[in-house]
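Structural characterization, general
Below, each chain spelled out in residue letters.
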Amino acid sequence: MRKQKLSQRLNQMAKWIEPDSSIADIGTDHGYLPYYLFEQGRIKNAILCDINSGPLENAKNTFHGSPYGNSSEFRLGSGIEPLKNGEVDYVIIAGMGGSLIKAILANNIEKTKSFKGFFLQPQTEQDVLRVWLLENHFQIVNDLYVFEDQKYYEALFVMPNALDLKLNPVLTISKSSQDSFYVYAISKDLEYGYKVHPESIVVYRAYLAYKRQKYEMIQSKIKNVDSLKYAQCQSKLQQIKLLSLHLEMHLKKRD
Ligand SMILES: C[S@@+](CC[C@H](N)C(=O)[O-])C[C@H]1O[C@@H](n2cnc3c(N)ncnc32)[C@H](O)[C@@H]1O
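Here we summarise the structure given alongside this text. (Residues numbered from 1 in each chain as written. Predicted model: local features only at pLDDT ≥ 70, side-chain atom pairs only at ≥ 80, totals over all residues. Heavy atoms only, no water.)

1. Structural notes on the site of the ligand
- Near the ligand you find 18 residues, and of these Arg9, Gly27, Asp50, Asn52 and Gly79 are the closest.
- A distance of 3.0 Å is found between a nitrogen atom of the ligand and a backbone nitrogen or oxygen belonging to alanine 94.
- With the chains in place, 82% of the 610 Å² that the ligand exposes on its own is no longer accessible.
- Listing elements by their share of the shell around the ligand, those giving two or more residues are α1 (8-14), β4 (90-96) and α4 (98-106).
- Among the elements that line the shell around the ligand, the one with the most residues is β4, at three residues.
- Residue composition of the shell around the ligand, grouped by class: seven nonpolar, eight polar and three charged. (Near = heavy atom within 4 Å. Polar contact = N/O pair within 3.5 Å; in protein donor to acceptor, adjacent residues only side chain to side chain. Areas by Shrake-Rupley, 256 points an atom, 1.4 Å probe, with all protein chains shown as cover. Helix = DSSP H or I, 4+ residues; strand = E, 2+ residues; numbered from the N terminus. Nonpolar A, V, L, I, M, F, W, Y, C, P; charged D, E, K, R; others polar.)

2. Notes on unusual backbone geometry
- At aspartate 20, a position not held by glycine, the phi torsion is positive, near 70°.
- Relative to the elements of secondary structure, aspartate 20 occurs in the loop between α1 and β1 (21-26).
- The exposure class assigned to aspartate 20 is exposed, which follows from its relative accessible area of 54%.
- One non-glycine residue, aspartate 29, adopts positive backbone phi at about 50°.
- Tracing the sequence through the fold places aspartate 29 in the loop between β1 and α2 (32-39).
- We classify aspartate 29 as partly exposed; its relative accessible area is 30%. (Buried < 20%, exposed > 50% of the residue type's maximum accessible area, 1.4 Å probe, protein only.)

3. Let's talk about the packing of aromatic side chains
- Inspection of every chain in the model, using the stated rule, returns 20 aromatic pairs.
- With a centroid separation of 6.3 Å and an interplanar angle of 90°, the aromatic rings of phenylalanine 115 and phenylalanine 118 are classed as edge-to-face.
- On the numbers, 4.6 Å between centres and 45° between planes, the contact of phenylalanine 147 with tyrosine 152 is tilted.
- Given the relative accessible area of 37%, phenylalanine 147 is considered partly exposed.
- A network of ring pairs unites the aromatic residues Tyr145, Phe147, Tyr152, Phe181, Tyr204, Tyr207 and Tyr210 as a single cluster.
- For arginine 9, the ring lying beneath its charged end belongs to tyrosine 153, and the centroid distance is 5.9 Å.
- Over the ring of tyrosine 184 we find lysine 188; its NZ or CZ atom is 4.3 Å from the centre of that ring. (Phe/Tyr/Trp six-rings, centres within 6.5 Å; stacked < 30°, edge-to-face > 60°. Lys NZ or Arg CZ within 6 Å of the ring centre and 35° of its normal.)

4. Considering helix α3 (residues 53-63)
- By the burial criterion, the buried members of α3 are Pro55, Leu56, Ala59, Thr62 and Phe63. Taken end-on, α3 shows its buried residues confined to a sector of 110°, consistent with a single buried face.
- Buried-residue contacts for α3 involve α2, β2 (43-50) and β3 (72-76).
- Following α3 by one or two positions, glycine 65 adopts a phi angle in the positive range, close to 75°. (Arc of directions from axis to C-beta. Contact = heavy atoms within 4.5 Å.)

5. A few points about the pairing of strand β5 (residues 117-122)
- Within β5, six of the six residues are buried, which leaves it mostly tucked inside the rest of the structure.
- The two faces of β5 match: Gly117, Phe119 and Gln121 on one face and Phe118, Leu120 and Pro122 on the other face are all buried.
- In this structure, β4 lies alongside β5, joined through six bridges in parallel fashion. The partner of isoleucine 93 across the bridge, within β5, is leucine 120.
- For β5 and strand β7 (residues 151-159), the ladder comprises three bridges, and the chain directions are antiparallel. Its bridge partner lying in β7, phenylalanine 119 is registered against phenylalanine 157. (Pairing = 2+ DSSP bridges.)

Set out below in structure tokens:
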């Protein structure tokens, strides 16, 4: 049995899991997140899944000798394939690229829509995932941001249907929704999030500054100011400036 210290990247999702939930952790590897959730007494059972047997063994080692073995199952397989329809409340998919997460969710949309909610933590191509979610009528309830080890991490709390938010008023994460920063109402570029949770706004402000620096640097290296790439950078920078302006107004209103 091991005492867990969870990374902020994973903790940003863990803290919003409703007490007494059942969860599935897809691509669990070491199984740290479900273990931590058991330690905190937040979940009643967990299904830990991975496509590779080595990582699944890592998870079993994490749980070895712990009191949580009877409430946990370890299943080998791709994405949500090892799960039955509606078998758990929440599905967590963290530490993978946005395109892979999208492919996992799209593989069996009927099954995907049978769960109550998702915590998704794409490491790359976050916009690809958000576009797919909106096109398939999922509700992105909130985007969560943390800064850890010199990197920004974003996680999405998602419900399968837009209407579900009203049907599940108990969800703590959605309670402060009015104070969220509604990015999509200002910019349709889903690289910058959809709706930032109030607790993430300070990190999000720094994240926008980081993005601005990044695109300014890329643009400064493009010699041809008439090129498509230059124009694309210009458009990215305009979006960021607009969002930053609205964010400052949002923060002023909040204080
Ligand atoms: C970088 S680790 C992330 C571990 C953990 N979720 C985290 O965020 O710290 C990615 C894990 O996903 C697993 N994986 C990759 N593709 C998968 C798929 N299609 N279905 C299930 N697991 C997958 C890998 O074997 C690996 O253990």
